[in-house]
Amino acid sequence: MKKSLNSLIHTFSQRDLDILYYIYNYRCLTENQICQLHFSKEKSFEHNLSSIKGRIQELCELDLIKKVEYLKGDEYVYFLTPFGIKAIRYFFELPTNIYDANKKVVKRGYYRASELKILPKNINHQVHLNQFVIDFQSLNLDITWKYFDEKHIGQYANIRPDGILSVLDTDFFLEMDMGTENQKQLQAKWENYRNFIASREYAYREKRITLLFIVANTAQIKERID
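Bear in mind the structure is a predicted one, so any value in this text is a computation, not a measurement. (Residues numbered from 1 in each chain as written. Predicted model: local features only at pLDDT ≥ 70, side-chain atom pairs only at ≥ 80, totals over all residues. Heavy atoms only, no water.)

Asks: Account for the overall build of the protein, with residues named and values stated.
Replies: The helix and strand inventory of the protein stands at 10 helices and eight strands. The C-alpha radius of gyration computed for the protein amounts to 19 Å, which stays within 12% of the reference 17 Å derived for 226 residues, consistent with globular compactness. Reported as C-alpha extents along the three principal axes, the dimensions of the protein are approximately 55 × 45 × 35 Å. The buried share among the 226 residues of the protein stands at 39%. Of all intrachain contacts in the protein linking residues separated by at least 6 positions in sequence, the fraction that spans at least 24 positions is 55%. Per element, the accessible surface of the protein, about 13800 Å² overall, is 49% carbon and sulfur. Computing the positive centroid from 32 side-chain charges and the negative centroid from 29, the protein places the two 6 Å apart. (Helix = DSSP H or I, 4+ residues; strand = E, 2+ residues; numbered from the N terminus. Rg over C-alpha atoms; globule rule 2.2 N^0.38 Å. Buried < 20%, exposed > 50% of the residue type's maximum accessible area, 1.4 Å probe, protein only. Contact = heavy atoms within 4.5 Å. Areas by Shrake-Rupley, 256 points an atom, 1.4 Å probe, with all protein chains shown as cover. Lys, Arg positive; Asp, Glu negative; His and termini not counted. Charge placed at Lys NZ, Arg CZ, Asp CG, Glu CD.)

Asks: Provide a residue-level description of the pairing of strand S6 (residues 163-167), including the pertinent values.
Replies: Along a regular strand, successive side chains alternate from one face of the sheet to the other. Taking burial as the measure, the five residues of S6 include five buried ones, the bulk of the element. What you see with S6 is no split at all: Gly 163, Leu 165 and Val 167 on one side and Ile 164 and Ser 166 on the other are buried throughout. As judged from the five bridges shared by strand S5 (residues 145-149) and S6, these two strands associate in the antiparallel manner. Pairing of Trp 145 across the sheet is with Val 167, part of S6. Sheet topology note: the S6/strand S7 (residues 170-177) ladder contains five bridges and is antiparallel. Of the residues in S7, the one forming a bridge with Val 167 is Thr 170. (Pairing = 2+ DSSP bridges.)

Asks: I'd like to hear about the packing of helix H2 (residues 14-26) against helix H5 (residues 82-91), residue by residue, with values.
Replies: Between H2 and H5, whose axes approach to 10 Å, the crossing angle comes to 110°. Considering the angle they form, H2 stands roughly perpendicular to H5. From H2, Leu 17, Leu 20, Tyr 21 and Tyr 24 reach across to H5, where they touch Ile 85, Ala 87, Ile 88 and Phe 91. Here the residues of the contact of H2 with H5 are counted per class, giving eight nonpolar, no polar and no charged. (Axes fitted to C-alpha atoms, helices over the stretch in contact; angles between N-to-C directions. Parallel < 35°, antiparallel > 145°, perpendicular 65-115°, else oblique. Nonpolar A, V, L, I, M, F, W, Y, C, P; charged D, E, K, R; others polar.)

Asks: Explain the packing of H2 against helix H3 (residues 31-38) residue by residue, including any values.
Replies: Interaxial distance between H2 and H3 falls to 10 Å at its minimum, and their mutual angle equals 115°. Of the two elements, H2 crosses H3, and the hand of that crossing is right-handed. Between H2 and H3, the residues in contact are Arg 15, Asp 18, Ile 19, Tyr 22, Ile 23 and Tyr 26 and Ile 34, Leu 37 and His 38, respectively. Here the residues of the contact of H2 with H3 are counted per class, giving six nonpolar, one polar and two charged. (Left-handed = near helix turned anticlockwise from the far one by under 90°.)

As structure tokens, then:
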């Protein structure tokens, strides 16, 4: 039987809260990625991974996160459940509603588990995008930066990259290219960016914008870049 949130409040460790918050921000994560995020400055990865696996299993049993297969061959990621979202809202004080200045409307201040869900065919794309950002974090650069997953992007109204790395005075738009889009689809993407560059939003942007295409899932990297 699932325990109530009130009965669990005093049993959560900071590691538990970190795991839940990481998954909320990245939408889904593998065990290795959770370990990398939590122990980015430590070397004993294998020992830490074993510890993380045990805690992940407990969070699954408490129905806070769920395990989802995304590739054949025992490849899994973890998503938050509705109960996990409830815990996130409590511990991180996510507002019930917020005002969207761009659209001039009041909207919900958090995402439901169903809204963070990703179709199985798109999970591998998300995993690779997450890994790029996690690898960037592991550089331990002495600069201020913040990552916004596609779901969490609110600073731009007319363009929606896969993610944004906001570093100092520059927003790096991230497009994760898995080698699956055909020429017509790529042309449509370029046209969207041309329209954005011609828009008032781009003209009055607050930060410099650099677009990065991250190419993966193909042995023909140079051909894909061309």
